[in-house]
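The primary structure of each chain is shown beneath.
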Amino acid sequence: MLDQTAATMPAYHVDAADPQRLRKAIEDVRLGASRWRLAFTLAWLDIRNRYRGSVLGPFWLTLSTGAMLLGLGLLYSTLFNMSLREYLPHLAVSLVIWNAISQMVNDATTSLTASEGIIRQLPLPYTVHALRCVMRNGIIAAHNFPLILVVFLICGHLPGPEAVLAIPGLILIAINSVAAALFLGMLCARFRDIGPIVGSTMQLAFFLTPILWKPRLLGHWEAWMPLNPFYAILETVRGPLVEGGGPPLAWVAAILYTIATVVVAAVFFVRFRGRVAFWV
Amino acid sequence: MAVIEARGLCLDFPYYHIGARSLKKRLMGKSRLHTDPSNRIVVTALRNLDFRIGTGDRVALVGPNGAGKTTLLRTLAGVYEPVAGSLTVTGQIGALIDVAAGMDNESTGRENVRLRGLYRGLTDAECDRLAEEVAEFAGLGDFFDVPIRTYSAGMGVRLSFAMATAMQPQVLLMDEWFLAGDAAFMAKAEERLARLVGGADIMVVATHDFAVVRRWCNRAIRLEGGMILADGPVEEVLGGLEATA
């Protein structure tokens, strides 16, 4: 079954005096990415098992997000004195993307501890577990995307050709997700208190980020918004879809934040990858 | 040529999530638990192991519970990275440490075999072939396409055994000798195990069962407290073990 010729005989070598951490971390990511089929199958099984026996399955999320859109839309458009047609497209994109980000971040905290049984038994690239987590949340988030379309149709909101810029925005979110799944997954495996802290931080971030409200309601404080990473990332998708293109500053900030998350995650992963099996 | 070579191999197991402070007093001064330089409580799982296992070696790791047998197997498999020393394993590694790891209870037997194939990094076509081979050996009939959560214990063993042994690695690492199931299955299982072991260049098995050691192994390493107490031909090592017991 596992035919190997002598010439390509694989070798596993570790030397504590010469850990070669960078090489192993790169190898982990490379091998993990090449195993995307495994990650996708596991992600799919996670969703299937979570909603086993349920009639609507993950569409329950679509339904609850839809109900939330309707309720919040009616309430806040009145509070902010905006017409529903003006407010609802903003809320729909913001809420759907925010739900995706927030679920992703919360799930990232258990990306490795949830796979404890596998990590301690099978030598597998840790990237596979991170990809599994990202793909699982990606699939779930995709169930909410049709809501955006429905709202746009109902409100007669038609984004121009700049809407394609939402795709690089989604790619930025995906890159951040992988970095977060690795970084938070490791950090929360080692320090079990980080998970709840992340949970409450995300709750606070929901109110500090322009999801229910529009940035211009801040008046002259609007210029400071790019300091909020969630605003910057959110704007790369919402801008193209709702505002006719996001502010350039938000794009610059989003790209800088993405570089920062990737660098932090990479440094942490390179340094501590060898310890993960002891942490989970 | 498959080779396993360990030089000064050390592994400390950190205890992160126990009440370190209250335990500290009680545990300090005892032999295997101590605090490491960054003030964590660790248990020395493997201490300064030196050995070389070459092609043709059938090695039994023997010793009492907690001697470090399974930890050594997992280190050889690449799960744990040693904190000191070096380890080189040349050859395709096949680890049968916990055969149930990575199984999905809600999936059918066939889906589980395909999943195992993906874990091993096989292509789709290879997964299909694996599924056929396992189906034939496990003899589950229609149950092969039923979620394994409905399996009886014996059926579960047959599936995991068939799945685990459907490979031909050069370095075979096994924890305990998983022999269970009904009598008709045992005869088939023995034959299959013999083929698996015979086809591997190196076998390392952790076991308590001396009969297994005498039957399948030609070398034994006796571990205790994470150290090698004896390493040599089976009778020599087992003789020493029985003399002290």
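Residues numbered from 1 in each chain as written. Chains lettered and ligands numbered in written order. Predicted model: local features only at pLDDT ≥ 70, side-chain atom pairs only at ≥ 80, totals over all residues. Heavy atoms only, no water.

If you look chain B up in an unreviewed UniProt entry, it shows as ABC transporter ATP-binding protein from Falsiroseomonas frigidaquae. Recorded in UniProt for chain B, the comment headed Sequence similarities (unreviewed entry) runs: "Belongs to the ABC transporter superfamily." (UniProt positions renumbered as here; feature names shortened; annotations may be inferred.)

Per an unreviewed UniProt entry, the recorded name for chain A is ABC transporter permease, and the organism is Falsiroseomonas frigidaquae. Database annotation for chain A, UniProt heading Subcellular location (unreviewed entry): "Cell membrane". As its UniProt record puts it under Sequence similarities (unreviewed entry), chain A is described as follows: "Belongs to the ABC-2 integral membrane protein family."

Residue and element names in this part refer to chain A. What UniProt calls "transmembrane region" (unreviewed entry) maps, in this numbering, to residues 59-79, 139-159, 165-187, 194-213 and 249-270. The span residues 59-79 carries 100% helix and 0% strand; its end-to-end C-alpha distance comes to 30 Å. Secondary structure across residues 249-270 divides into 100% helix and 0% strand, with the first and last C-alpha atoms of the span separated by 31 Å. (Helix = DSSP H or I, 4+ residues; strand = E, 2+ residues; numbered from the N terminus.)

All names here are of chain A. In the contact formed by helix 1 (residues 21-34) and helix 11 (residues 248-272), the axes pass within 8 Å of each other and the chain directions differ by 110°. On the basis of their axis angle, the class for helix 1 and helix 11 is roughly perpendicular. Where helix 1 crosses over helix 11, the handedness of that crossing is right-handed. Listed contacts from helix 11 to R21, L22, A25, D28 and V29 of helix 1 are F269, V270 and R271. The class makeup of the residues in the contact of helix 1 with helix 11 is five nonpolar, no polar and three charged. (Axes fitted to C-alpha atoms, helices over the stretch in contact; angles between N-to-C directions. Parallel < 35°, antiparallel > 145°, perpendicular 65-115°, else oblique. Left-handed = near helix turned anticlockwise from the far one by under 90°. Contact = heavy atoms within 4.5 Å. Nonpolar A, V, L, I, M, F, W, Y, C, P; charged D, E, K, R; others polar.)

Glancing now at the nonpolar core. Note that soluble globular proteins tend to have their nonpolar side chains buried in a common cluster. Ranked by internal contacts, the top residues of the largest apolar core, which has 101 residues, are I4, F51, L72 and V204 of chain B. The greatest single-element share of this core, amounting to 13 residues, is contributed by helix 4 (residues 84-108) of chain A. For F51 of chain B, the contacting residues outside a window of four places in its chain are I4, E5, A6, L72, L76, R219, I221, I228 and D231 of chain B. Listed in part, the 54 residues of the second largest apolar core include L96, F137, V205 and W216 of chain B. (Core = buried A, V, L, I, M, F, W, Y, C linked by side-chain atoms within 4.5 Å. Buried < 20%, exposed > 50% of the residue type's maximum accessible area, 1.4 Å probe, protein only.)

The subject of this paragraph is a nonpolar patch on the surface. Residue and element names in this part refer to chain A. A cluster of nonpolar side chains, namely V164, L165, I167, I171, I175 and V262, defines an oily patch on the protein surface of about 500 Å² accessible area. In terms of residue count, the dominant contributor to the nonpolar patch is helix 8 (residues 166-190) (three residues). Tracing the backbone through its elements, the reader meets I167 in helix 8. We classify I167 as partly exposed; its relative accessible area is 49%. (Patch = residues over 30% accessible without salt bridge, like charges linked within 9 Å, V, L, I, M, F, W, Y side chains within 5 Å. Areas by Shrake-Rupley, 256 points an atom, 1.4 Å probe, with all protein chains shown as cover. Salt bridge = Lys/Arg side-chain N within 4 Å of Asp/Glu carboxyl O.)

Residues and elements named next belong to chain A. Residue position: T127 is located in helix 6 (residues 126-142). Here the side chain of T127 touches D28 through a polar contact of 2.4 Å, side chain to side chain. With sequence-adjacent residues up to four places away left out, T127 is seen in contact with D28, V29, G32, L182 and F269. (Polar contact = N/O pair within 3.5 Å; in protein donor to acceptor, adjacent residues only side chain to side chain.)

Take the domain arrangement of chain B next. Residue and element names in this part refer to chain B. Each assigned domain of chain B is listed with its residue range as follows: domain 1 (3-91 + 205-244) and domain 2 (109-200). Each side of the interface is counted separately: domain 1 has 16 residues, and domain 2 has 13 residues. At the boundary of domain 1 with domain 2, total buried surface from both sides reaches about 1200 Å², with 63% on carbon and sulfur atoms. Considering only the surface of domain 1 that becomes buried against domain 2, R58, V205 and W216 emerge as the three largest contributors, covering 42% of it. Taken together, the links from domain 1 to domain 2 amount to one salt bridge. The salt bridge partner of R215 is E190, with a shortest N-O separation of 2.9 Å. Where domain 1 touches domain 2, the interface holds five residue pairs in polar contact (both at pLDDT 80 or more). Those elements that provide at least two residues to the side of domain 1 that touches domain 2 are helix 2 (69-77), strand 5 (84-90), strand 8 (202-206) and helix 7 (210-216). (Domains from an automatic or database assignment. Buried area = accessible area lost by both parts, 1.4 Å probe.)

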